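Summary of the model geometry
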Amino acid sequence: METPHRVSTLELFFDLVFVFTITQLTVLLADDLSLRGAGQVLLIFTVLFWMYGGYAHLTNQVPPDRTVRRLLLILAMGAFLVCALAVPTAFGAGGVAFGLGYVCVVLVHSALYTQAHGSGVLWFALPNTLCALSVLAAGFFDGPPAWGLWILALLIQFAVPQLVQRVAASGAASAGAQTGAGAELASGPGSGSGTGPAAAVTTVSDQLGGMSAEHLVERHGLLLIIVFGESVIAIGIGTGSLPLSVGIAGGAFLALAVASALWWMYFVRDEGRAEEVFAQTAPEKRFKLAMLAYYYAFLPMLLGIAAFAAGVKKTIGHLGEHLHTGPALALAGGVAVYLAGDLAFRAVLGIGPARFRAAALVLALATVPVGTGTAGLWQLVALVVVLLGALGAELRWTPGCTAATGSG
């Protein structure tokens, strides 16, 4: 039976600071709605979210219940804040500052893990440090060399889970072989000392398991809620000093309706099912499942909200006008990317059905001509209709969905 492990207020405070990076990315994308701007946002957020996930797993296994741990976590918050402040110029004058902040984020993470688990953390701490150094080095260059170093950082990140899982698997096999070798080998040099490579590997293996399902799901759900708040803030930023007319009020309501529909898609049913799936998964298999569900699938969900918020910011003051392609794509593409992540999340955890949300993804992209050909207001109306239609279809034709929906 698992010991209940809830998210602490310090972790929630940490998330609030981290989400400021998403605020900055929304600003960056809104200022440069181009492939170049989207590429920068993708690289920056993928690198940052990797270490957010690292801290989520860290506090899942190493709760901030001691003064030293709390102080180190606050130091990491400061480092994330430096990264956030440097986001708008991360591919320019602020690149070095971003890199230094990121190096600090990684080193504090490693120090906190080492405090609880010893040298076994080196299997992932060293690659994380190499990734951070690559980001720092990118700050000294412009153009293709900088992009190349950022991409190298991503490649290192994607290699880390494979490395850790291979090390853990080989450690488990090594431990099994040692157990079956008999008393002769058991009495040999280093036996029972727990200080050799096998002990370090076992430590990594232990870290892959022992993950609290309740804490993991709650932590990422709270993060998603905070990010949804960014789409609401974008409404206010987009209106600026414009007088509050009926049109602007209606547009703000529609933007909130889109965000609410996206909230409904995850929180009313999927969050509860996710906790059930993780609770039923063997501890040693939770790390891989968490990587697939709460890193690879969550990335597009979070980026989708940021893109939609950027589109709202550029649209809310021009609701009666034909939209340029950039804002129209940000609105529709943000919703579609979120749905793509949600579909991946459901596929990983075996939550269905997929057909209604897949149809909504395609129809959301089809609203781009509505925005460019008529007005931003009508594109928002179309997006609301698409999302409500998908939710209504699920409620009508999915067995057991009514009960699940009622529990939300």
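Check the entry above for the structure.
1. Remarks on the overall build of the protein chain
Helix and strand content of the protein chain: 18 helices and zero strands. Sorting the 408 residues of the protein chain into buried and exposed places 53% on the buried side. The contacts in the protein chain between residues at least 6 apart in sequence include a share of 81% that link residues at least 24 apart. Here the protein chain displays about 17200 Å² of accessible surface, and carbon together with sulfur accounts for 70% of that area.

2. A few points about helix H3 (residues 67-86)
Compared with the 28 Å implied by 1.5 Å per residue over 20 residues, the 29 Å span of H3 between its first and last C-alpha is a close match. Three or more residues of H3 are buried, namely Arg 69, Leu 73, Ala 76, Met 77, Ala 79, Phe 80, Cys 83, Ala 84 and Ala 86.

3. Section: helix H14 (residues 325-349)
A rise of 1.5 Å per residue sets the reference length of H14, with its 25 residues, at 36 Å; its end C-alpha atoms lie 35 Å apart and thus fit the reference within 8%. Among the 25 residues of H14, 18 are classified as buried, and the element is accordingly described as predominantly covered.

4. Focus on the nonpolar core
Counting residues in each nonpolar core, the largest one holds 123 residues, and the members touching the most others are Tyr 55, Phe 98 and Tyr 102. If one sorts the elements of this core by residue count, helix H2 (residues 35-61) sits on top with 13 residues. Each residue touching Tyr 55, except ones within four places of it in the same chain, is listed here: Phe 14, Leu 73, Ala 76, Phe 80, Val 105, Val 108, His 109, Leu 112 and Arg 219.

5. Some details on the packing of helix H9 (residues 213-239) against helix H11 (residues 270-280)
Remark: H9 packs on H11, axes separated minimally by 8 Å, with the N-to-C direction vectors making an angle of 150°. One finds that H9 runs roughly antiparallel with respect to H11. Crossing hand, H9 versus H11: right-handed. Contacts from Ala 213, Glu 214, Leu 216, Val 217 and Gly 221 of H9 reach H11 at Glu 271, Ala 274, Glu 275, Phe 278 and Ala 279. Here the residues of the contact of H9 with H11 are counted per class, giving six nonpolar, one polar and three charged.

6. Let's talk about the pattern of salt bridges
If you walk through the whole model with that rule in mind, you get 12 salt bridges. With a shortest N-O distance of 2.7 Å, Glu 214 and Arg 6 are connected by a salt bridge. Of this pair, Glu 214 sits in helix H9 while Arg 6 sits in the segment before helix H1 (9-31); the two residues are 208 residues apart in sequence, bridging distant segments of the chain. Close ionic contact of Glu 218 with Arg 6 constitutes a salt bridge, the shortest N to O distance being 3.2 Å. Placement of Glu 218 in helix H9 and of Arg 6 in the segment before H1 is noted, with a sequence separation of 212 residues between them. The structure contains a network of salt bridges with shared partners spanning Asp 270, Asp 342, Arg 346, Arg 357 and Glu 394.

7. Focus: the side chain of Thr 59
Inspection of the secondary structure puts Thr 59 in helix H2. Take Thr 59: its relative accessible area is 2%, and that puts it in the buried class. A distance of 2.8 Å separates a polar atom in the side chain of Thr 59 from a polar atom in the side chain of Glu 11. At 3.4 Å, the side chain of Thr 59 and the backbone oxygen of Ala 56 are in polar contact. Non-local contacts of Thr 59, meaning those with residues more than four positions away in its chain, are made with His 5, Glu 11, Pro 64, Leu 73, His 215 and Arg 219.

8. Section: the packing of helix H15 (residues 355-365) against helix H17 (residues 376-397)
What describes two packed helices is the angle between their axes and the distance between those same axes. One way to put it is that H15 packs onto H17 with a least axis distance of 9 Å and a crossing angle of 170°. Classified by the angle between their axes, H15 and H17 sit roughly antiparallel to one another. Between H15 and H17, the residues in contact are Arg 355, Phe 356, Arg 357, Ala 360, Leu 363 and Ala 364 and Leu 383, Val 386, Ala 390, Ala 393, Glu 394 and Trp 397, respectively. A per-class count over the contact of H15 with H17 returns nine nonpolar, no polar and three charged.

9. Focus on the state of the cysteines
Summed over all chains, the structure comprises zero disulfides. This cysteine, Cys 83, is not joined by any disulfide, and Cys 104 carries the nearest cysteine sulfur, 8.6 Å off. Classification of Cys 104 as partly exposed rests on a relative accessible area of 27%.

10. Some details on the side chain of Arg 346
Examined against the element boundaries, Arg 346 turns out to sit in helix H14. In this structure, Arg 346 is in contact with Arg 269, Asp 270, Ile 351, Gly 352, Pro 353, Arg 357 and Glu 394, ignoring residues within four places of it in sequence.

Here is what the cut-offs are and how they apply
Residues numbered from 1 in each chain as written. Predicted model: local features only at pLDDT ≥ 70, side-chain atom pairs only at ≥ 80, totals over all residues. Heavy atoms only, no water. Helix = DSSP H or I, 4+ residues; strand = E, 2+ residues; numbered from the N terminus. Buried < 20%, exposed > 50% of the residue type's maximum accessible area, 1.4 Å probe, protein only. Contact = heavy atoms within 4.5 Å. Areas by Shrake-Rupley, 256 points an atom, 1.4 Å probe, with all protein chains shown as cover. Expected span 1.5 Å × (residues − 1). Core = buried A, V, L, I, M, F, W, Y, C linked by side-chain atoms within 4.5 Å. Axes fitted to C-alpha atoms, helices over the stretch in contact; angles between N-to-C directions. Parallel < 35°, antiparallel > 145°, perpendicular 65-115°, else oblique. Left-handed = near helix turned anticlockwise from the far one by under 90°. Nonpolar A, V, L, I, M, F, W, Y, C, P; charged D, E, K, R; others polar. Salt bridge = Lys/Arg side-chain N within 4 Å of Asp/Glu carboxyl O. Polar contact = N/O pair within 3.5 Å; in protein donor to acceptor, adjacent residues only side chain to side chain. Disulfide = S-S within 2.5 Å.

Shape is all these values report; function is a separate question.
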